[in-house]
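Fold and geometry: a report
Here's the letter readout for the chains.
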Amino acid sequence: MGKKDKDFVKEITPMEVDFPQWYTDVIRKTDLVDYSPVKGFMVIKPYGYALWENIQSFLDKRFKETGHKNCYFPLLIPESLLQKEAEHVEGFAPEVAWVTHGGKEELAERLCVRPTSETIICEMYSKWLKSYRELPYLYNQWCSVVRWEKSTRPFLRTSEFLWQEGHTLHETEEQAQEETLQMLNIYKEMAENLLAIPVVTGRKSEREKFAGAHATYTMEALMHDGKALQAGTSHNLGQHFTTAFDISFLDRNGDMQNPYHTSWGVSTRLIGGVIMVHGDNRGLVLPPALAPTQVVIIPIAQHKEGVLDKAYELKKQLQDAGLRVELDDNENYSPGWKFNEYEMKGIPIRIEIGPRDIKNNQVMAARRDILEKGPVSMDGLTENIVQLLDTIQRDMLEKARSHRDENTYYIDSFEDFKQKMADKPGFAKAMWCGERECEEHVKAETAATIRCIPFEQEDIGDKCHFCGKEAKHMVYMAKAY
RNA sequence: CUGGGUGUAGCGCAGCUUGGUAGCGCACCAGAAUGGGGUUCUGGUGGUCGGAGGUUCAAAUCCUCUCACCCAGACCA
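Sequence order sets the numbering: in each chain, residues are counted from 1 along the sequence as written. Going through the entries in the order they are written, you letter the chains from A and number the ligands from 1. For a predicted model such as this one, the threshold for reporting local features is a pLDDT of at least 70, and the threshold for listing and counting side-chain atom pairs is 80 or more; totals across whole chains, interfaces and linings nevertheless cover every residue. For side-chain calculations, the full set of non-hydrogen atoms in the structure is used, while hydrogens and water are omitted.

1. Brief notes about the overall build of chain A
The condition that has to hold: Helix numbering and strand numbering both begin at the N terminus, where a helix is a DSSP run of H or I of at least 4 residues and a strand a DSSP run of E of at least 2. Radius of gyration here is computed from C-alpha atoms only, and the compact-globule reference equals 2.2 Å multiplied by the residue count raised to the power 0.38. Buried means the residue's accessible area, taken with a 1.4 Å probe over protein chains only, is under 20% of the maximum for its type, while exposed means over 50%, and partly exposed covers the values in between. Throughout, the Shrake-Rupley method with a 1.4 Å probe supplies accessible areas, and for residues the shown protein chains are the sole cover considered. Positive charges are assigned to Lys and Arg, negative charges to Asp and Glu, while His and the chain termini are left out of the count. By convention, the charge on Lys lies at NZ, on Arg at CZ, on Asp at CG and on Glu at CD.
Tallying secondary structure elements over chain A gives 14 helices and 24 strands in all. Relative to the compact-globule value of 23 Å for 481 residues, chain A shows a C-alpha radius of gyration of 25 Å, a close match. Across the 481 residues in chain A, those meeting the buried criterion constitute 54%. As displayed, chain A has an accessible area near 21600 Å², and 48% of this comes from carbon and sulfur atoms. Across chain A, 60 positive and 75 negative side-chain charges occur, with their mean positions spaced 3 Å apart.

2. With respect to unusual backbone geometry
A cis amide bond, omega 0 degrees, links Leu135 with the succeeding residue Pro136. Residue placement: Pro136 occurs in the loop between helix H5 (118-128) and strand E8 (137-146). With a phi close to 55 degrees, Leu371 is a non-glycine residue in the positive phi region. Here Leu371 lies in the loop between strand E19 (362-367) and strand E20 (372-377).

3. Focus on helix H1 (residues 19-29)
Operational definition: Note on contacts: a residue pair qualifies if any of its non-hydrogen atoms lie within 4.5 Å across the two residues.
Every buried residue of H1 is accounted for by Phe19, Trp22, Tyr23, Asp25, Val26 and Ile27. Looking at the packing, one finds that the buried side of H1 touches strand E2 (33-35) and helix H8 (269-278). Immediately downstream of H1, the backbone of Asp31 shows phi near 65 degrees, a positive value.

4. Things to note about the protein's contact with RNA strand B
Threshold: Nearness of a residue to a molecule or strand requires only that one of the residue's heavy atoms be within 4 Å of it. Polar contacts, as counted here, are pairs of nitrogen or oxygen atoms within 3.5 Å of one another; within protein the pair requires one atom able to donate a hydrogen and one able to accept it, and residues that are adjacent in sequence qualify only if both atoms are side-chain atoms.
In the vicinity of RNA strand B lie 42 residues, with Lys39, Arg157, Arg282, Tyr333 and Asp357 positioned nearest. Take the atoms of RNA strand B that sit within 4 Å of the protein: sugar and phosphate atoms are 34% of them. Here a base nitrogen of RNA strand B sits 2.6 Å away from a polar atom, N or O, in the side chain of Trp337. Looking at the surface near RNA strand B, the elements with two or more residues in it are helix H10 (335-344), strand E18 (349-353) and helix H11 (355-360). The element contributing the most residues to the surface near RNA strand B is H10, with eight residues.

5. Thoughts on the sheet that holds strand E7 (residues 105-113)
Rules: When DSSP finds two or more bridges between a pair of strands, those strands are recorded as paired. To obtain each axis, a line is fitted to C-alpha atoms, and for helices this fit is confined to the stretch in contact; angles are then taken between N-to-C directions over 0 to 180 degrees.
Taken in spatial order, the three strands make up an open sheet running E5-E7-E6, and their pairing is antiparallel. In this open sheet, the two edge strands, each paired with only one partner strand, are strand E5 (76-78) and strand E6 (97-102). The average angle at which neighbouring strand axes cross in this sheet is 45 degrees, direction not considered. Alignment of E6 against E7, held across five bridges, turns out to be antiparallel. When the bridges of E7 are listed, Trp98 appears paired with Cys112.

6. A word on the sheet that holds strand E4 (residues 69-70)
The eleven strands are arranged E4-E8-E9-E15-E12-E11-E10-E23-E24-E22-E21 in an open sheet whose pairing can be described as mixed. Strand pairing shows two members of the sheet lacking a second neighbour, E4 and strand E21 (408-410), which therefore form its edges. Here strand E10 (residues 200-203) pairs with strand E11 (residues 215-222) via four bridges, running antiparallel. When the bridges of E11 are listed, Arg203 appears paired with Tyr217.

7. Remarks on the confidence of the model for chain A
Keep this limit in mind: Across the chain, each position has a pLDDT score giving the predictor's confidence in that residue, from 0 to 100.
The predicted model of chain A averages 93 in pLDDT, with 98% of residues at 70 or higher. In this model residues 1-7 is a low-confidence stretch, pLDDT under 50, and it forms 14 contacts with partners more than four residues away in sequence or in other chains. Here the predicted complex carries an ipTM of 0.82, next to a pTM of 0.94.

8. Examining the nonpolar core
Selection rule: Residue types Ala, Val, Leu, Ile, Met, Phe, Trp, Tyr and Cys, when buried and joined through side-chain atoms within 4.5 Å, form a set referred to as a nonpolar core.
Membership of the largest hydrophobic core comes to 52 residues, with the highest contact counts inside it found for Trp22, Leu32, Ile55, Leu59, Leu195 and Ile275. With 24 residues, the next largest nonpolar core counts Phe73, Ile77, Leu82 and Phe249 among its residues.

9. A closer look at the pairing of E19
Along E19, six of the six residues are buried, which leaves the element largely enclosed by surrounding structure. Where burial is concerned, the two faces of E19 agree: the one with Gln362, Met364 and Ala366 and the one with Val363, Ala365 and Arg367 are both buried. As judged from the four bridges shared by E18 and E19, these two strands associate in the antiparallel manner. Its bridge partner being in E19, Ile351 is matched across the sheet by Ala365. The pairing of E19 with E20 spans six bridges and is classified as antiparallel. Bridge assignment links Arg367 to a residue of E20, and that residue is Glu372. Between the antiparallel neighbours E19 and E20 lie four residues, among them Leu371 with a positive phi of about 55 degrees.

10. Regarding the pattern of salt bridges
Rules: Here, a salt bridge means any side-chain nitrogen of Lys or Arg that lies within 4 Å of a carboxyl oxygen of Asp or Glu.
As enumerated under the stated definition, the model contains 36 salt bridges in all. Across the salt bridge formed by Glu220 and Lys204, the nearest N and O atoms sit 2.8 Å from each other. One end of the pair, Glu220, is in strand E11; the other, Lys204, is in the loop between E10 and E11, with 16 residues separating them in the sequence. Exposure class is identical for Glu220 and Lys204. Each is buried. Across the salt bridge formed by Lys418 and Glu415, the nearest N and O atoms sit 3.4 Å from each other. On the criterion of helical spacing, the pair formed by Lys418 and Glu415 is a turn pair, its members being three residues apart in helix H13 (residues 414-423). By relative accessible area, Lys418 is classed as partly exposed at 25%. By relative accessible area, which is 54% here, Glu415 ends up exposed.

11. Focus on the packing of aromatic side chains
As a reminder, the rule being used: Aromatic contacts are taken between Phe, Tyr and Trp rings whose centres are within 6.5 Å, Trp giving its six-membered ring; a plane angle under 30 degrees counts as stacked, one over 60 as edge-to-face, and the others as tilted. The rule is short: NZ of Lys or CZ of Arg within 6 Å of the ring centre and within 35 degrees of the ring normal puts a charge over the ring.
Under the counting rule described, the total for this entry stands at 20 aromatic pairs. Ring centres of Phe73 and Trp128 lie 6.1 Å apart, and the angle between their planes is 35 degrees; on these two criteria the pair is classed as tilted. You can see Phe73 sitting in the loop between E4 and E5 and its partner Trp128 sitting in helix H5, a full 55 residues away along the chain. Phe73 sits in the buried class, given a relative accessible area of 5%. In this structure an aromatic cluster arises from ring pairing among Phe73, Tyr125, Trp128, Tyr137 and Tyr139. Its guanidinium or amino end placed over the ring of Phe414, Lys418 lies 4.6 Å from that ring's centre, counting from NZ or CZ.

So, in structure tokens, the structure goes:
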């Protein structure tokens, strides 16, 4: 197997030099998005959208398997509805876009462009729900939301983003909690099995939780530069909204009661995560399960007798096995150009087929993740490629896990923490007193925040590593996107 | 919102100091040869210099105002 001599391409700034620039270069050169005329709003181009579609189909299937149904609620929400839950409006008001006119006439009541849909959905739920017999409500919607962000970056933070939001109602507190954790687990399964991104799961601190939630659970991933990305959240909303919106039902005892409520969502931000976890200096690296094209076939010296025929035959053979295959027979580009192009786009396997291979009853297959290439016999080729895709998927998850573990460390003091955050950002495991004041102090000094209070607690001390008071939880700390 | 920076062809840039009517590379189009790691040659298309106003015989270039975008903070999926 021959390894590449060059580990970069000229259009992409190496990530060691300037990670944010590397990110921007990658998304632009690989044709995932484009900037629109409106600041902060991105156009998702076909290649980028295909990634989202694959995330959608994975999740949509799991949502339906767990009894959820899709529906659609309106884009605009009357201001009065947004006001109903105090904590919620306080959290979202600063980033809401408002519609004030219909045509030339000023509206009697402003309408907000949804930043999330709890309020409008609860308003409708309160009209619908009558009896415990109807519960649980298990609804989800795929839509976009708008949050007027001050600074934006494609996929990671845009003023409008695509997501799904699930909104469920339950008879009991226990059922709501169970639902909240079930959905978080589905997200985790998706992150690891589809995106090949290992995640840490746990609960958010009071400061970091969703505005209006009883408790927020999160999955956090570590990016290549050592910063954390909140990759999905699931909220147990308790009765906060159902009380505020007067959603009630007659329970089994004939008493009026407010149901328990959850909401959960993941967004196109996940695509930014995939880029920053797996990408390298040659561009994107896509896990096979997610890749819109899993195998690209490049014919070599295609004008020569039989090359193209064989290439098309191969394409059909692989497609029949259920693989997503592309064949590039554009004569205007050299093979070398195509190699670079498809590597940049992160396609997991490249197959080269030329006169020499045909003579030897083989093809050349190159792995994008480790940039290795070698001959593979035509006999049993499909099985080998299917298996290779599987191996790549597994290896990518393992590689990301190793990277995360290598960049997760224990600290022994606040000084030590500051030092480590400055030298080599990553996840720091620390003991914390549980107080908001302490958390805010740490953030002001280090820009790092509590990413989560992990489900898997470790006892690494009695005292808070930041203020010295009695410790309540072990937490993951990091600088975040 | 605070601090810094940049606006000239689709992208990256030069020209501005010392005003004279716009140029280079890539991309794109046509043709030919090439084809196992960004192939070569030839010919071509495309902008009036972010916008407005001013100075001047003459403004990409000088002056004033304005808008947009980028980066770093603060705020956030």
